[in-house]
Amino acid sequence: MRIAQIAPLYESVPPKAYGGTERIVAYLTRGLIELGHEVTLFASGDSSASDKLIKGSTQALRSNPIPDDGLAYHLLQVEKALAMQSDFDILHWHIEYLPFSALRRSDYSTSVTTLHGRLDIPALGDVYREFAEMPLVSISMAQRSPLPFARWRGNVHHGLPIDLHRAGEGGEYLAFVGRIAPEKKVESAISIATKAKMPLKIAAKVDAVDRAYYEEVVRPLLKSPGVEFLGELDESAKGELLRNAKAMIFPIDWPEPFGLAMIESLACGTPVIARNRGSVPEVIESGVTGWIFDTDEEAVEAITRIDEISRETCRRQFMERFSARTMAENYLSVYSRLLDEKETSSYWREEVWGESRLKY
């Protein structure tokens, strides 16, 4: 199959450090190539996940020292991909709703968009209702809940290469991995670790938009005894942090669409203690690969029971459910289903405002 993967341009594919969507596009691209498919990657010029690279920008936009208009680069990327549409069996988009207007005036039956972000934002409902014909893939069933009317063609959990991380024996500290942002609740992680009398190591980036929150809320808490802020780690350092941790604390307070840090932890054999929000119950099996909590007090209690969780089971669940190969195979099923629908014409068309729109 000839497949186009169209990635965001903010980070390289794969990213040099933090970058959730771009990392997944990289692992998916490599997984599809390993399964024998021809993949062309539309991404920043410093990307390396495929030898077939169409550059949307010279370098990742976040690493560009000169202020620029990121939307302009993405608009041009859409044009490049659609100009080459006949070269591919499937165009797989990872830039949310940006291509929808252009796709409506093209052959969108061979396109599919994975939504990577939260969908409970009011304006998004209007966008996805307007473009209700567009084929979509969710990254968790929980992510779909604000848009039950959308044309979901699959649900594919994220996956990581099985050799990206190795299992460890654990240690005597807790780990927090992610972003410093209000919804990630690093202050809860600090509070929980302090109450449990456990050291906490924090590996996280601070985006410009969250700088005030970091300075006003988080930074004063970093002086708490036993708390160590490591900043943004590369993949190797992050793996070392996780496999040597007793558990990873994931105290989010938002409808997390997936939570890549959870499967990174499982890949290291490290249990996850996570708040019951968003996709958490789809990823973590309470009492098997970690503990799910609602209150900080429950999290403290979970830490006392963490030795009941088998690190071998955590690693095995990762291998069985969250490998990059499994992710690639699941996406191939989505692609095949879309092509079968196109071939058998299992949908009908209706003229709306002079435009041909898919109805099903």
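Everything below is about the structure shown above.
A brief report on the enclosed structure follows. A quick note: this is a predicted structure, and the numbers were derived from the prediction, not measured.

### A few points about the overall build of the chain
Helices and strands together make up the secondary structure of the chain, namely 13 helices and 15 strands. In terms of overall size, the chain behaves like a compact globule, its C-alpha atoms giving a radius of gyration of 21 Å where 360 residues would be expected to give roughly 21 Å. A principal-axis box enclosing the C-alpha atoms of the chain has dimensions of 65 × 45 × 40 Å. When the 360 residues of the chain are sorted by exposure, 55% land in the buried category.

### Concerning the packing of helix H6 (residues 186-195) against helix H11 (residues 296-304)
Where H6 contacts H11, the axes come no closer than 9 Å and their chain directions differ by 50 degrees. In this view, H6 runs oblique relative to H11, as classed from their interaxial angle. Along this stretch, H6 crosses H11, giving a crossing that reads as right-handed. Here Ser188, Ser191, Ile192 and Lys195 of H6 lie close against H11, whose contacting residues are Asp296, Glu297, Ala299, Val300 and Ile303. Considered class by class, the residues forming the contact of H6 with H11 number four nonpolar, two polar and three charged.

### Side note on the nonpolar core
Counting 76 residues, the largest nonpolar core has Leu200, Ile202, Phe250, Met262, Ile273 and Tyr335 as its most contacted members. At eight residues, the largest contribution of residues to this core is made by helix H13 (residues 324-344). With sequence-adjacent residues up to four places away left out, Leu200 is seen in contact with Leu174, Ala175, Phe176, Ala189, Ile190, Ala193, Gly226, Val227, Glu228 and Ile249. Phe88, Leu119, Leu136 and Trp152 belong to the second-largest nonpolar core, a separate cluster that totals 23 residues.

### Here's the deal with the sheet that holds strand S10 (residues 227-231)
Here six strands make up an open sheet; going across it, the order is S10-S9-S8-S11-S12-S13 and the pairing parallel. Single-partner strands in this sheet number two, and they are S10 and strand S13 (290-293). Across the sheet, the axes of successive neighbouring strands diverge by a mean angle of 20 degrees, strand direction being ignored. Pairing of strand S9 (residues 200-205) with S10, which is carried by four bridges, proceeds in the parallel orientation. Its bridge partner being in S10, Ile202 is matched across the sheet by Phe229.

### Concerning the sheet that holds strand S2 (residues 38-44)
Spatially, the seven strands line up as an open sheet ordered S3-S2-S1-S4-S5-S6-S7, and their pairing is parallel. At either end of the open sheet lies a strand with only one pairing partner, and these are strand S3 (53-57) and strand S7 (152-155). If you compare each strand with its neighbour and ignore which way they point, the axes differ by 20 degrees on average.

### What to know about the pairing of S2
With six of its seven residues buried, S2 lies for the most part within the structure. In the sheet, S2 pairs with S3 via four bridges, with the strands oriented parallel. By the bridge assignment, Leu41 is partnered in S3 with Leu53.

### Brief notes about the packing of H6 against helix H7 (residues 211-221)
It is at 10 Å that the axes of H6 and H7 come closest, and there the two elements cross at 10 degrees. The angle between the axes of H6 and H7 places the two elements in the roughly parallel class. Residues Val186, Glu187 and Ile190 of H6 pack against Tyr213, Val217, Val218 and Leu221 of H7. Here the residues of the contact of H6 with H7 sort into six nonpolar, no polar and one charged.

What counts and how
- Residues numbered from 1 in each chain as written.
- Predicted model: local features only at pLDDT ≥ 70, side-chain atom pairs only at ≥ 80, totals over all residues.
- Heavy atoms only, no water.
- Helix = DSSP H or I, 4+ residues; strand = E, 2+ residues; numbered from the N terminus.
- Rg over C-alpha atoms; globule rule 2.2 N^0.38 Å.
- Buried < 20%, exposed > 50% of the residue type's maximum accessible area, 1.4 Å probe, protein only.
- Axes fitted to C-alpha atoms, helices over the stretch in contact; angles between N-to-C directions.
- Parallel < 35°, antiparallel > 145°, perpendicular 65-115°, else oblique.
- Left-handed = near helix turned anticlockwise from the far one by under 90°.
- Contact = heavy atoms within 4.5 Å.
- Nonpolar A, V, L, I, M, F, W, Y, C, P; charged D, E, K, R; others polar.
- Core = buried A, V, L, I, M, F, W, Y, C linked by side-chain atoms within 4.5 Å.
- Pairing = 2+ DSSP bridges.

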